[in-house]
Amino acid sequence: MTPVIELSGLGRAYGDRAVLRGVTLTVAAGQTLVVFGPNGAGKSTLLRILATLLRPTTGTVRVLGSTLPGEAWKARGRIGLLGHEPLLYRELSARQNLRYHARLHQVDPARIEQLLDAVGLARRADDPVSTYSRGMVQRAAVARAVLHDPELLLLDEPRANLDPAATEHLEPLLRGERGGPPRTRVITSHDPAGGLAEADLALGLKGGRTALFAPAGDVTAAEIGELYR
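Residues numbered from 1 in each chain as written. Predicted model: local features only at pLDDT ≥ 70, side-chain atom pairs only at ≥ 80, totals over all residues. Heavy atoms only, no water.

A. Expanded view of the packing of aromatic side chains. One pass over the full model with this rule turns up one aromatic pair. Measuring from ring centre to ring centre gives 5.6 Å for tyrosine 89 and tyrosine 100, while their planes differ by 85°; the resulting arrangement is edge-to-face. Of the two residues, tyrosine 89 is situated in the loop between β6 (79-82) and α3 (94-105) and tyrosine 100 in helix α3; the sequence distance between them amounts to 11 residues. Owing to a relative accessible area of 38%, tyrosine 89 belongs among the partly exposed residues under this scheme. Assessed through its relative accessible area of 30%, tyrosine 100 is described here as partly exposed. Above the ring of tyrosine 14, the side-chain terminus of arginine 12 is found at 4.6 Å from the ring centroid. (Phe/Tyr/Trp six-rings, centres within 6.5 Å; stacked < 30°, edge-to-face > 60°. Helix = DSSP H or I, 4+ residues; strand = E, 2+ residues; numbered from the N terminus. Buried < 20%, exposed > 50% of the residue type's maximum accessible area, 1.4 Å probe, protein only. Lys NZ or Arg CZ within 6 Å of the ring centre and 35° of its normal.)

B. Layout of helix α4 (residues 110-118). Within α4 the residues assigned to the buried category are Arg111, Ile112, Leu115 and Leu116. Along the axis of α4, the buried positions cluster into a sector of 135°, meaning they face one direction only. Looking one or two places after α4, you find glycine 120, whose phi comes out positive at around 75°. (Arc of directions from axis to C-beta.)

C. Up close: the pairing of strand β9 (residues 201-206). Of all six residues in β9, five are buried, a share of seventy percent or more. In terms of strand pairing, β9 meets strand β10 (residues 209-215) through six bridges, oriented antiparallel. Directly across from glycine 204, in β10, lies its bridge partner leucine 212. Between the antiparallel neighbours β9 and β10 lie two residues, among them glycine 207 with a positive phi of about 60°. (Pairing = 2+ DSSP bridges.)

On their own, these measurements won't tell you what the molecule is for.
So this is what it looks like as structure tokens:
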């Protein structure tokens, strides 16, 4: 299988504070990597590096065949990111936000209407995002992240702020609704059992270092729980 993500000795520091240290792994096309670890372990930093938003301090990073940061421009349009920040203009409506991103990615406008319906926002699509509940904002952010049908989807606690009904409604988009092979995904999670159930690979971070990295079937929820002790 072709590697979509290749990390070798990845490190990221803010001044004297190291956030990631020596992370090495490979994720093949179509695989889902779920990243576990306590707050501050480096999970979100890892996603931001993969999304080309942060430069690594040390090591090498290849995403979709492009070496970062030098070739970030080749990969950026093929990546979808759902982070803690929704990356939506609050004064604009959901439809206006998606139209803006559709122009950036040269996406058929018909895709916007499909997604607004898929995330359950068709009735409120023309209301400003500032009037939405946190769950509605998350649904709009999911639509933005998958709008351009990315090859690599980076999801930072994607089910945050979603009730069970909304989570079930969005599951096809979070899992990847592409008609071809499964979408490659990296997901951060604090749910050992749930995260392992959807993972092909499990990465455990603690203090910015790799505490475990293995096929999900070889990892137990109890082992993930130890990361938080």
